[in-house]
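These are the residues of each chain, in order.
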Amino acid sequence: AKSAGGNRYELADPEADARAITRHGLTTALPAALDRGEFFIEYQPLVRLDDGEVHGAEALVRWLHPQHGVLGPDRFIGLAEHTGLIVPLGRWVLEESVRQARDWQRQHGEDFPLRVNVNLSPCQLTHPGLVSDTVEILERTGVEPEALCLEVTESALIGADDDLLKPLRRLAEMGVDIALDDFGTGYSNLANLRRLPVSILKLDRSFTQGMQQYPADPVDLKIVEGIVTLAHSLDLTVTVEGVETGAQAEQLRVLGCDTAQGWYYARPGPPDRLRELALVDATG
Ligand code: C2E
Ligand code: CA
Ligand code: CA
Ligand code: CA
């Protein structure tokens, strides 16, 4: 390993070297992987807590690497952000997910609209093509903006100035929902929420984890209750992620959370599985 800057020297770490080589290998393989269609999307249902119905799904990208098998986003999104490949990759995810939303709508008809949530990386936010690409994809597929939700992490918007918020405002005005992802992990000022063009708060999994026991830690309950009250007073919908047990789901429902996502309902999976889940709900 090389010097890590300054006059600090790292000890030789063969595993770290191997990881660096893999990182380097993955980084250089990314553009061809996009060309060859090695990425695919799994969908995880979003469930309404009051009636248990599936009303949409979050699109989560994976890479079927010819040597390493299926790689999760944590292995390559950061690399794609460093090289700028996240812009075309993110555009591909958006287009693919919106097409999928259209297919769900076609299969279910107008009165059963499944929505799709797509993650945006900070680099996509500052890319000038964001609004025009989104508009073009929605027009080409014939999907209503209301069927799309773009998820932006809280940390990407901390201290955001007007230039950064402008494209999100444009999209929100068109009817696209903007969700503040991983909420509660950053240090944003709650009062700042009013300034952001968001309509959904996605409470980070760390909050849900505090509710694994029944009854949950009373302090955790108070914090979530406070966030939900504040969110609702600002007309925001609250989604919770990482729900793994029925006890968590029930406590979060009682606290007034609106939507939930997690292994308790379903792991991320292929688009057809979501259709089956939704059909079970619609008929049962
Ligand atoms: P995220 O947006 O917070 O997505 C939720 C992550 O939690 C997903 O991990 C999901 O599989 C996982 N998860 C869902 N339910 C549960 C549960 O009940 N328990 C536990 N322990 N985990 C649960 P995944 O698929 O590995 O994605 C990791 C992150 O990668 C995402 O976190 C998101 O930030 C990012 N990501 C995924 N797809 C994209 C994409 O298309 N573009 C960008 N920019 N980022 C993406
Ligand atoms: Ca997300
Ligand atoms: Ca999240
Ligand atoms: Ca998270």
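Scroll up for the structure.
Here we summarise the structure given alongside this text. The structure displayed is predicted, hence computed values, not measured ones.

## Some remarks on the nonpolar core
Here's step 1: Counting residues in each nonpolar core, the largest one holds 75 residues, and the members touching the most others are Phe39, Leu125, Leu148, Leu150, Leu157 and Val224.
Here's step 2: Val224 has contacts with Leu203, Phe207, Met211, Leu252, Leu255 and Cys257, leaving out every residue within four places of it along the chain.

## Things to note about the packing of aromatic side chains
Here's step 1: The final tally for this structure, using the stated rule, is five aromatic pairs.
Here's step 2: Relative to Phe76, the ring of Phe39 has its centre 5.4 Å away and its plane inclined at 55°; by these criteria the two rings are tilted. Here Phe39, found in strand β1 (residues 39-48), pairs with Phe76, found in helix α2 (residues 73-83); they are 37 residues apart in sequence, far enough to count as distant. Neither residue differs from the other here; Phe39 and Phe76 are each classed as buried.
Here's step 3: An angle of 90° between the planes, with centres 5.7 Å apart, marks the rings of Trp63 and Phe76 as edge-to-face. One end of the pair, Trp63, is in strand β2 (residues 54-65); the other, Phe76, is in helix α2, and 13 residues separate them in sequence.
Here's step 4: Among the residues examined, Phe76 registers a relative accessible area of 0% and is labelled buried.
Here's step 5: Ring-pair connections join several aromatic residues into one group, and the members of that group are Phe39, Trp63 and Phe76.

## Description of unusual backbone geometry
Here's step 1: A positive phi angle, near 55°, is found at Asp182, a position not held by glycine.
Here's step 2: Along the chain, the position of Asp182 falls in strand β6 (residues 177-183).
Here's step 3: Among the residues examined, Asp182 registers a relative accessible area of 26% and is labelled partly exposed.
Here's step 4: Phi is positive for Asp235, close to 65°, though the residue is something other than glycine.

## Examining the site of ligand 1
Here's step 1: If you check the shell around ligand 1, you find 21 residues, and the closest are Gln44, Arg62, Arg205, Glu244 and Trp263.
Here's step 2: In this structure, Gln44 approaches ligand 1 through a side-chain N or O atom, which is 3.0 Å from a nitrogen atom.
Here's step 3: Residue Arg62 places a side-chain N or O atom 2.9 Å away from an oxygen atom belonging to ligand 1.
Here's step 4: With the chains in place, 83% of the 800 Å² that ligand 1 exposes on its own is no longer accessible.
Here's step 5: When atoms are counted within 2 Å of each cavity's grid points, the one that captures over half of ligand 1 is the largest pocket.

## Structural notes on empty space enclosed by the protein
Here's step 1: Taken as a whole and assessed by the stated rule, the structure comprises one cavity of 30 Å³ or more.
Here's step 2: Roughly 100 Å³ of volume is contained in the largest cavity.

## Brief notes about the coordination of the calcium ion (ligand 4)
Here's step 1: Taken together, Asp182 (OD), Asp204 (OD) and Glu241 (OE) make up the protein donors of the calcium ion (ligand 4), found 2.5 to 2.9 Å from the metal.
Here's step 2: Between the calcium ion (ligand 4) and the calcium ion (ligand 3), the interatomic distance is 3.3 Å, and Asp182 donates to each metal, bridging them. Here the residue Asp204 occupies a position in the loop between β7 (200-203) and α8 (205-209), and Glu241 occupies one in the loop between β8 (237-240) and α10 (246-254), the gap between them amounting to 37 residues. Glu241 matches Asp204 in its accessibility class, with the two residues each being buried.

Rules used throughout
Residues numbered from 1 in each chain as written. Chains lettered and ligands numbered in written order. Predicted model: local features only at pLDDT ≥ 70, side-chain atom pairs only at ≥ 80, totals over all residues. Heavy atoms only, no water. Core = buried A, V, L, I, M, F, W, Y, C linked by side-chain atoms within 4.5 Å. Buried < 20%, exposed > 50% of the residue type's maximum accessible area, 1.4 Å probe, protein only. Contact = heavy atoms within 4.5 Å. Phe/Tyr/Trp six-rings, centres within 6.5 Å; stacked < 30°, edge-to-face > 60°. Helix = DSSP H or I, 4+ residues; strand = E, 2+ residues; numbered from the N terminus. Near = heavy atom within 4 Å. Polar contact = N/O pair within 3.5 Å; in protein donor to acceptor, adjacent residues only side chain to side chain. Areas by Shrake-Rupley, 256 points an atom, 1.4 Å probe, with all protein chains shown as cover. 1 Å grid on protein atoms, 1.4 Å probe; cavity = no way out; pocket = protein on both sides within 12 Å on 5 of 7 lines; lining within 4 Å. Sits in = over half its atoms within 2 Å of the grid points. Points joined across faces, edges and corners; volume = space filled by probe spheres on them. Donors = N, O, S within 2.8 Å, 3.2 Å for Na, K, Ca; no water.

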